[in-house]
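# Geometric and topological summary
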Amino acid sequence: MDGCILVVAATDGAMPQTREHILLAKQIGVEKMVVFINKADASDEEMLELVEMEVRELLDQYGFDADNTPFIKGSALCALEGKSPEIGSQKIRELLDAIDSYIPVPVRDLDKPFFLPVEHVMAITGRGTVVTGKLQTGTIKKNDECEIIGFNKSFKAQIIGVEMYRQILEQAQAGDQVGCLIKGGKKDDLKRGVFVVKPGTYPLNNHVEAKVFFVSEKEGGRKKAFMKTFYGATFSYTWNMNTYFELVDKEMVMPGEDARVNLKMQKKMGMREGQRFTIRGAGQDGSVTQGYGVVTKILDDINFEDLQAERLAVKKAKIKEEKKLRG
């Protein structure tokens, strides 16, 4: 994501979700955002200034350039209904101008091999299977050979059509939201989370080492410490995968700290050095973002089923020992 608009209601001010949205923007690499303070028609000037001060403090807290971030105060409802243009339609135009001037056009990696994380898959009768997503790097051309990787599988295919916003193209570049008509492979193997890449350019594995920062409770993370091994889910680009996490050089880590962690995933996915990911919890912590990190080393693949069986045997032995002590 190259930039974003943070919308805050003047009647409510900065809510807990406002903090979460700013944190999320920071986690996924957004460097600049524009703030729109909505419902100006239902607030006075003093309240609008207080909300702006509160949001600027939050932006500064999470490392954004709070002093230079544009703040637009207006009313989306007035713009929609065509009323009070001074806080309605004029403020929407001002918001668009602020986006154009403050958020820079990103530099696209056109020289690198093409890499497309798949967001959606659609079967079109008589034509084939179309995958859609944002092209991260490189250039895709019609009739290019490609490789589909993810979920323990890797197979060759061909891109026989490129489309963007219902326009048929000869090629697409990094940054474009595209749809690619794929020839080859089984339909069931094309799903959200797979990567469409230039053949031989992206590794497929399920065991990596990473540097992870664990989100503090104040930032929306969990309260309890993380022990030597724990279970959760890894999210990266468009895929997520059940994962065992193991602290490398610590027996325990508290939320708000960082650590080296080994990730042992249930299936082999597209994962390489420098790739960023997010960790979410399992069970009661399922809706909690526990941490985020970056891959530092690729390790030898592991057999996840054997790992599960081993952990289950240890758990059963522990329960048996506890029963024996109580008996």
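Description of the structure in this document. In this text, all values refer to a predicted model and were calculated from it rather than measured experimentally. (Residues numbered from 1 in each chain as written. Predicted model: local features only at pLDDT ≥ 70, side-chain atom pairs only at ≥ 80, totals over all residues. Heavy atoms only, no water.)

Within the structure shown, the criterion is met by 11 salt bridges. Where K153 meets D189, a salt bridge forms, and the shortest distance between an N and an O atom there is 2.8 Å. With a gap of 36 residues between them, K153 in strand β9 (residues 153-164) and D189 in the loop between β12 (177-183) and β13 (195-197) connect regions that are remote in the sequence. Since its relative accessible area comes to 16%, D189 is described here as buried. Between K268 and D301 there is a salt bridge, with the nearest N and O atoms lying 3.4 Å from each other. You can see K268 sitting in strand β19 (residues 258-270) and its partner D301 sitting in the loop between β21 (289-298) and α5 (304-326), a full 33 residues away along the chain. Exposure remark for D301: the relative accessible area of 36% places this residue in the partly exposed category. Within this structure, E52, R56 and K73 form a network of salt bridges that share partners. (Salt bridge = Lys/Arg side-chain N within 4 Å of Asp/Glu carboxyl O. Helix = DSSP H or I, 4+ residues; strand = E, 2+ residues; numbered from the N terminus. Buried < 20%, exposed > 50% of the residue type's maximum accessible area, 1.4 Å probe, protein only.)

Turning our attention to the nonpolar core. Generally speaking, nonpolar side chains in soluble globular proteins are found buried as a group. Counting 47 residues, the largest nonpolar core has I159, V196 and F214 as the members making the most contacts within it. With residues near it in sequence (within four places) discarded, I159 still touches F114, I140, K141, K142, N143, D144, C146, C180, L181, I182 and V196. Residues C4, A10, A25 and A40 belong to the second largest nonpolar core, which totals 23 residues. (Core = buried A, V, L, I, M, F, W, Y, C linked by side-chain atoms within 4.5 Å. Contact = heavy atoms within 4.5 Å.)

This next bit is on the sheet that holds strand β2 (residues 33-38). Pairing is parallel in the open sheet, where three strands are placed in the order β1-β2-β3. Of all the strands in the sheet, the pair left with one neighbour each is β1 (4-9) and β3 (71-73). Sheet twist, expressed as the average angle between the axes of neighbouring strands with direction ignored, equals 20°. Across the face of the sheet, helix α1 (residues 16-27) comes into contact with β1 and β2 while running at roughly 170° to β1. Lying over the sheet, helix α4 (residues 89-102) contacts β1, β2 and β3, oriented at roughly 165° with respect to β2. (Pairing = 2+ DSSP bridges. Axes fitted to C-alpha atoms, helices over the stretch in contact; angles between N-to-C directions.)

On the surface, E54, E57, D60, D65 and D67 cluster together into a patch of negative charge. By the element assignment, E54 lies in helix α2 (residues 45-61). Taking relative accessible area as the criterion, E54 reaches 35% and is therefore assigned partly exposed. (Patch = residues over 30% accessible without salt bridge, like charges linked within 9 Å, V, L, I, M, F, W, Y side chains within 5 Å. Areas by Shrake-Rupley, 256 points an atom, 1.4 Å probe, with all protein chains shown as cover. Lys, Arg positive; Asp, Glu negative; His and termini not counted. Charge placed at Lys NZ, Arg CZ, Asp CG, Glu CD.)

Let us now look at the packing of aromatic side chains. Inspection of the entire model under this criterion finds 12 aromatic pairs. When the ring of F195 is compared with that of Y202, the centres are 5.3 Å apart and the planes differ by 75°; the resulting orientation is edge-to-face. Y202 shares its class with F195; the two are buried. Considering the side-chain rings of Y244 and F304, the 5.3 Å spacing of their centres and the 25° angle between planes classify their relative orientation as stacked. Taken together, the positions of Y244 in strand β17 (residues 239-247) and F304 in helix α5 put the pair 60 residues apart, joining distant regions of the chain. Note on accessibility: Y244 and F304 belong to one class, buried. For the cation-ring pair, R272 lies above F115, with the distance from its terminal atom to the ring centre recorded as 5.5 Å. (Phe/Tyr/Trp six-rings, centres within 6.5 Å; stacked < 30°, edge-to-face > 60°. Lys NZ or Arg CZ within 6 Å of the ring centre and 35° of its normal.)

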